Amino acid sequence: MQVMPLYPSLLLSQINTEELEEEPVVNGDKSDCMPTDTVVSGNKGRAKHGNTETKKDGEGVEKAAASEQSNSSGKLRKKKKKQKNKKSTTGETLENGLEDIDRILERIEDRGGLARPGPPPLSSRKHVLHVEHRHLNPDTELKRYFGARAILGEQRSRQRQRVYPKSMWLTTPKSTWPRYSKPGLSMRLLETKKGLSSFMFEHSEEYQQVQHKFLAAVESMEPNNIVVLLQTSPYHVDSLLQLSDACRLQEDQEMARDLIERALYSMECAFHPLFSLTSGTCRLDYRRPENRSFYLALYKQMVFLEKRGCPRTALEYCKLILSLEPDEDPLCMLLLVDHLALRARSYDYLIFLFQDWEAHRNLSQLPNFAFSVPLAYLLLSQQADHPQHERSAAREKASVLIRQALTMFPGVLMPLLEYCSVRPDATVANHHFFGPNAQISQSPALSQLVTLYLGRSHFLWKEPAIMSWLEENVHKVVQAVDSGDPAVAACESRRRVLYQRAPRNIHRHVVLSEVKEAVATLPPDVTTQSVVGFDPLPPMDTIYSYVRPERQTPVGQANTVALFFRSLLPNYTTEEDRLQEERLEEEGGGIADGLDRVQGLNRLMIAVREMMANFQFNDLDLPRRENWENPENLENPEGQGGGQSEGQGEGEGEGESEGQGEEGEWD
């Protein structure tokens, strides 16, 4: 007896029953009813014929025998067909089951209104941050591009090698990973308020010791120390993140992605039972260092998915990061969500997000939303499956929004055309509104946002149809500027007020984005800081659960130069001085403070005198050019000196003039 897969059959039966219920009903029955149990009805009919055979005459017996023979042959054919159907359904379920499930889920979402949101519901913010489990798996998107059979082989081998019984949403555990044992990472529920649940990751004492060793390994600037640490603690999250960056810099993308997936697996195993990835109501405070690892692991996995060619899955990860703390947005995912939505062709979601959050977040004041939303309307108007009036309305809305964006951010046009290798006409190129003054007058914070958007999304504008539409609206903006439209002056005054200085989360996003043009625009107070991959630009108001103990290096292990510079510090003390100060503090604290200052000054003066006494200035006589040309003079410096003394009385003035001329030529 062959067992059919449970989930495809349940979903198929659900869809079939819903389709039958949606069909028109005539006189209380379905208009087009097909018996689902034909074999059972045939058996009932044969049972009735068997009961009436003895009551009929010979002609009836012959007819019954003929009908029984036909029924038996039909029964055999039906059994063969049934066996074939069983065999074929098992094969089709293994090969095409993923496609069937995907289509069924899409139809369920269409009926539920999740895939294509129409008018915003009452709880629209929850739906904006809603994450779907199936879109967190990149195989769901890859099989749409390459088919289910292309992904089926990899899944079969993965199922044979799989030794992990626990099913995960973010990653699929691999047999090449070390066997999982709890590293001391857990999650705790802090509070539940107004329908929002706040969680935090916790480190056990053992995990804290590993964390201290990791910080010491990072300070050593040696990746091999992190590798040694991972051999004893293979699921330490920060070590996996830092080593992934090192592998990525060495262009080992496969290993870098594998380490990120292992970090996500370690953190997902520590989830609280009430923590949900899809509800959009669970919060993680970025100010806590224990929570930052989860943010950064999700971000790095999202980047790998986008490079892998899975923008729809990357968009779902972006929504997940945004849902963890949407008000603060520590990684500033609002600068990226529009780009991923356009790449994934989720135009409806981008428009819905803009309409829902514009009132309280002012998304139109961000250059990326100001230009991406009209582009989404334009691309939506080009889809043939929409009615003509909806397409016309979408194109008109796109034109209105792009003119507002060009009026608000005129410094975007010329760099965008340069990225797309398009030369503007003389009217636009020579106009003062879009000329070089538009870029020079921008504040550094606004220039940073513009550079980030163009460096990331300029290729989305390269289509000829989009460029012709943009040219048409640029000329309309030029006409509005020449006519003295008051909206132009209002946008100019708004630019001066809003973009004075970028907040820290934008700087953190620029560092993580690795867009070279945007990184070059970071202010000096950010570039002079040490940025590490496991915690780039930590918040200024960090909430520490535990503090790293101070490292005390023995004085005897340091070199002479380090000791000298350390002696210049006011709090420098040797071991003998420290013991003496402890004795004096027991006797009297005031005397110890006074002696500490005097001893510090004396040590400083002694160290400076010793350093100045050890400096030796040796006058080095450089050999003349004639000596380099004649190696014998270099080998016999005494002969050279004697020759000079002998020839010195013959013509002292001539020799000096010749020597000066030769030295001038050498210089």
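Model, not experiment: these values are computed from the prediction.

Conventions adopted
- Residues numbered from 1 in each chain as written.
- Predicted model: local features only at pLDDT ≥ 70, side-chain atom pairs only at ≥ 80, totals over all residues.
- Heavy atoms only, no water.
- Helix = DSSP H or I, 4+ residues; strand = E, 2+ residues; numbered from the N terminus.
- Buried < 20%, exposed > 50% of the residue type's maximum accessible area, 1.4 Å probe, protein only.
- Areas by Shrake-Rupley, 256 points an atom, 1.4 Å probe, with all protein chains shown as cover.
- Pairing = 2+ DSSP bridges.
- Axes fitted to C-alpha atoms, helices over the stretch in contact; angles between N-to-C directions.
- Polar contact = N/O pair within 3.5 Å; in protein donor to acceptor, adjacent residues only side chain to side chain.
- Phe/Tyr/Trp six-rings, centres within 6.5 Å; stacked < 30°, edge-to-face > 60°.
- Lys NZ or Arg CZ within 6 Å of the ring centre and 35° of its normal.
- Contact = heavy atoms within 4.5 Å.
- Core = buried A, V, L, I, M, F, W, Y, C linked by side-chain atoms within 4.5 Å.
- Expected span 1.5 Å × (residues − 1).
- Parallel < 35°, antiparallel > 145°, perpendicular 65-115°, else oblique.
- Left-handed = near helix turned anticlockwise from the far one by under 90°.
- Nonpolar A, V, L, I, M, F, W, Y, C, P; charged D, E, K, R; others polar.
- Salt bridge = Lys/Arg side-chain N within 4 Å of Asp/Glu carboxyl O.
- pLDDT = per-residue confidence, 0-100.

(A) Spotlight on the overall build of the protein chain. When its secondary structure is counted, the protein chain shows 32 helices and 5 strands. Residue burial in the protein chain is summarised as follows: out of 667 residues, 40% are buried. Here the protein chain displays about 39900 Å² of accessible surface, and carbon together with sulfur accounts for 52% of that area.

(B) Layout of the sheet that holds strand 5 (residues 282-284). Ordered in space as 3-4-5, the 3 strands form an open sheet in which the pairing is mixed. Each end of this open sheet is capped by a strand with a single partner; those strands are strand 3 (185-193) and strand 5. Along the sheet, successive strands turn relative to each other by an average axial angle of 35 degrees, direction set aside. Alignment of strand 3 against strand 4 (residues 196-203), held across 8 bridges, turns out to be antiparallel. The partner of S186 across the bridge, within strand 4, is E202.

(C) Region of the structure containing the side chain of D285. Inspection of the secondary structure assignment puts D285 in the loop between strand 5 and helix 11 (289-308). A distance of 2.9 Å separates the side chain of D285 from the side chain of R287, its partner in a polar contact.

(D) Spatial organisation of the packing of aromatic side chains. Considering all chains together, one arrives at 17 aromatic pairs under this definition. Ring plane angle 75 degrees and centroid distance 4.8 Å describe the contact between F214 and F534, whose orientation is recorded as edge-to-face. Pair noted here: F214 is in helix 7 (residues 205-219) and F534 is in the loop between helix 25 (524-527) and helix 26 (560-567), with a separation of 320 residues, a long-range link. Residues F214 and F534 agree in their burial class; the two are buried. A connected cluster of aromatic rings, assembled from ring pairs, spans F199, F201, F271, F275 and F294. Across from the ring centre of Y235, 6.0 Å away, lies the NZ or CZ of R262, which sits over that ring. Positioned over the ring face of Y286 is R292, at 5.7 Å from the centre of the ring.

(E) Highlighting the environment of G184. Within the secondary structure, G184 is located in the loop between helix 6 (148-161) and strand 3. The spatial distance from the C-alpha of G184 to the C-alpha of A270 is 8.8 Å, given a sequence separation of 86 residues. Leave out the neighbours within four places in its chain, and G184 touches E202, H203, S204 and Y207.

(F) Seen up close, the nonpolar core. Judged by nonpolar contacts, the single largest core of 131 residues is most densely connected at F294 and W461. Examining the composition of this core, we find that 10 residues originate from one element, helix 15 (residues 367-381), more than from any other. Those residues in contact with W461 that lie beyond four places of it in its chain are F371, L375, I402, L416, C420, Y453, I466, M467, W469 and L470. Residues M168, W177, Y235 and Y265 belong to the second largest nonpolar core, which totals 5 residues.

(G) Inspection of helix 15 at higher detail. The first and last C-alpha atoms of helix 15 sit 22 Å apart over 15 residues, in line with the 21 Å expected at 1.5 Å per residue. Burial analysis of helix 15 places 15 of its 15 residues in the buried class, the great majority of the element.

(H) Quick peek at unusual backbone geometry. The phi dihedral of D329 is positive, around 50 degrees, even though this residue is not glycine. With respect to the element layout, D329 can be found in the loop between helix 12 (311-324) and helix 13 (337-343).

(I) The packing of helix 5 (residues 138-146) against helix 12, seen in detail. Where helix 5 meets helix 12, the closest approach of the two axes is 8 Å, and the angle between their N-to-C directions is 155 degrees. Regarding the angle of helix 5 to helix 12, the classification is roughly antiparallel. In this structure, helix 5 crosses over helix 12, and the sense of that crossing is right-handed. Along its contact with helix 5, which presents P138, E141 and Y145, the element helix 12 presents P311, R312 and T313. Here the residues of the contact of helix 5 with helix 12 are counted per class, giving 3 nonpolar, 1 polar and 2 charged.

(J) Inspection of the pattern of salt bridges at higher detail. If you walk through the whole model with that rule in mind, you get 19 salt bridges. Salt-bridge contacts for R287 lead to D541; the nearest nitrogen and oxygen are separated by 3.9 Å. Of this pair, R287 sits in the loop between strand 5 and helix 11 while D541 sits in the loop between helix 25 and helix 26; the two residues are 254 residues apart in sequence, bridging distant segments of the chain. According to the relative accessible area criterion, D541 is partly exposed, its value standing at 44%. As a salt-bridge pair, R292 and D535 come within 2.7 Å of each other at their nearest N and O atoms. Note that R292 is positioned in helix 11 and D535 in the loop between helix 25 and helix 26, a separation of 243 residues in sequence. Taking relative accessible area as the criterion, R292 reaches 2% and is therefore assigned buried. Looking at D535, the relative accessible area reads 15%, which means it is buried. Connected through salt bridges with shared partners, the residues K174, E254, R257, D258 and E261 form a single ionic network.

(K) Focus on the packing of helix 15 against helix 16 (residues 388-408). Two numbers describe how helix 15 lies on helix 16: the axes approach to 8 Å, and their chain directions differ by 160 degrees. When the interaxial angle is binned, helix 15 and helix 16 end up roughly antiparallel. Crossing geometry of helix 15 relative to helix 16 is assigned as left-handed. Residue-level inspection shows A370, F371, V373, P374, Y377, L378 and S381 of helix 15 in contact with helix 16, the latter providing R391, A394, R395, K397, A398, L401, I402, A405 and L406. When grouped by side-chain class, the residues that make up the contact of helix 15 with helix 16 number 12 nonpolar, 1 polar and 3 charged.

(L) Geometry of the environment of I440. Relative to the elements of secondary structure, I440 occurs in helix 19 (residues 436-440). In this structure the C-alpha to C-alpha distance between I440 and G411, which are 29 residues apart in sequence, comes to 8.4 Å.

(M) Region of interest: the pairing of strand 4. Here strand 4 runs beside strand 5; their pairing, made up of 3 bridges, is parallel. Note that in strand 5 the partner of F199 across the bridge is L284.

(N) Geometry of the environment of I321. Summarising the element assignment, I321 is placed in helix 12. When the C-alpha atoms of I321 and M333 are compared, they prove to be 7.4 Å apart, with 12 residues separating the residues in sequence. When near neighbours in sequence (up to four residues on either side) are disregarded, I321 contacts Y295, L298, Y299, L331 and M333.

(O) Expanded view of helix 16. Given a rise of 1.5 Å per residue, 21 residues ought to cover 30 Å, and the 31 Å separating the end C-alpha atoms of helix 16 matches this to within 8%. If you follow the buried residues of helix 16, they end up packed against helix 15, helix 17 (413-419), helix 21 (464-482) and helix 22 (486-498).

(P) Spatial organisation of the side chain of S293. On the secondary structure map, S293 appears in helix 11. In this view, S293 contacts V237, D238, L241 and M267; residues no more than four positions away in its chain are not counted.

(Q) Here's a closer look at the confidence of the model for the protein chain. The predicted model of the protein chain averages 75 in pLDDT, with 61% of residues at 70 or higher. Below pLDDT 50 for its whole length, residues 78-99 participates in 21 contacts with residues either more than four positions away or in separate chains. Across residues 554-558, confidence stays below pLDDT 50; counting only partners more than four residues off in sequence or on other chains, it has 3 contacts.

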